[in-house]
Structure formats: structure tokens, C-alpha cells
Amino acid sequence: MHLYKTMKNFLMDFDYYIDIYEKKIHVFNYIDILKLNDTEIKLLMPSFTLHLTGKSFSVKQLEKREILIEGYLENVRFINND
């Protein structure tokens, strides 16, 4: 287990990260969910708002400050929070 925790701490040593795979979006360290439906998701991040649009979005996993979304991503926007 020690190796797992070491690797996780190494990988998670960022303010946030966003992984986009085929039909999956993983976001770590978001602050709040502003909007969530099957075609649009808005997440408040530490320095911007992440705006995702697409089709058939569904939440597969939801943990404290971590979310895994499945669906067809069409557009990603980063909106400045100034």
C-alpha cells in the first residue's frame, strides 16, 4: 500500500487536473458543481470555470472534489473567474 500512496501523492500534487478519455472525463480538485445535466456540465475550479457540453453525460463516480463523467464530449471551455 505504501507504493500506492506514494504514487497517488505524486500524481495528485497539482491544484487540479482534467483527464479526457474516449467517452470519459475525470476532474480532480473542483470546488463546486454549478450545473449538471445530460448535455452540459459547469464546474467551478480554483482559477476558472470548466464548461463541458456534449451528449449523454452521466456521473459514474463522485467523491469529495473528484468526479468521473461518462458521455460524448463535444466542447470544452475554460472561463476566467475574474
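Shown above is the structure to which this text applies.
Here's a quick rundown of the structure. Given the structure is predicted, the values throughout are model-derived calculations rather than measurements.

Here we look at the overall build of the chain
Okay, so step 1: Within the chain, the secondary structure is distributed over 1 helix and 6 strands.
Okay, so step 2: Shown N-terminal to C-terminal, the secondary structure of the chain runs as helices and strands in the order α-β-β-β-β-β-β.
Okay, so step 3: Looking at the chain as a whole, 28% of its 82 residues are labelled buried.
Okay, so step 4: Here the analysis covers contacts within the chain between residues at least 6 apart in sequence; of these, 42% occur between residues at least 24 apart.
Okay, so step 5: Carbon and sulfur atoms make up 52% of the accessible area of the chain, which totals about 5,900 Å².

Brief notes about the nonpolar core
Okay, so step 1: Grouped together as the largest cluster of nonpolar side chains are 12 residues: Ile 25, Val 27, Tyr 30, Ile 41, Leu 43, Met 45, Phe 48, Leu 50, Leu 52, Phe 57, Ile 67 and Ile 69.
Okay, so step 2: Of all the secondary structure elements, the ones that give two or more residues to this core are β2 (24-28), β4 (40-44), β5 (48-63) and β6 (66-80).
Okay, so step 3: Once residues lying within four places of it in the same chain are set aside, the contact partners of Leu 52 are Ile 25, Thr 39, Glu 40, Ile 41, Phe 57, Ile 69, Leu 73, Asn 75 and Val 76.

A few points about the pattern of salt bridges
Okay, so step 1: All chains considered together, the criterion is met by 4 salt bridges.
Okay, so step 2: Linking Glu 74 and Lys 55 is a salt bridge whose minimum nitrogen-to-oxygen distance equals 3.7 Å. Highlighted residues: Glu 74 in strand β6 and Lys 55 in strand β5, separated in sequence by 19 residues.
Okay, so step 3: For Lys 55, a relative accessible area of 48% puts it in the partly exposed group.
Okay, so step 4: Here the residues in one salt-bridge network are Lys 24, Lys 60 and Glu 70, joined through shared partners.

Criteria and cut-off values
- Residues numbered from 1 in each chain as written.
- Predicted model: local features only at pLDDT ≥ 70, side-chain atom pairs only at ≥ 80, totals over all residues.
- Heavy atoms only, no water.
- Helix = DSSP H or I, 4+ residues; strand = E, 2+ residues; numbered from the N terminus.
- Buried < 20%, exposed > 50% of the residue type's maximum accessible area, 1.4 Å probe, protein only.
- Contact = heavy atoms within 4.5 Å.
- Areas by Shrake-Rupley, 256 points an atom, 1.4 Å probe, with all protein chains shown as cover.
- Core = buried A, V, L, I, M, F, W, Y, C linked by side-chain atoms within 4.5 Å.
- Salt bridge = Lys/Arg side-chain N within 4 Å of Asp/Glu carboxyl O.

Any link to function would need more than the numbers given here.
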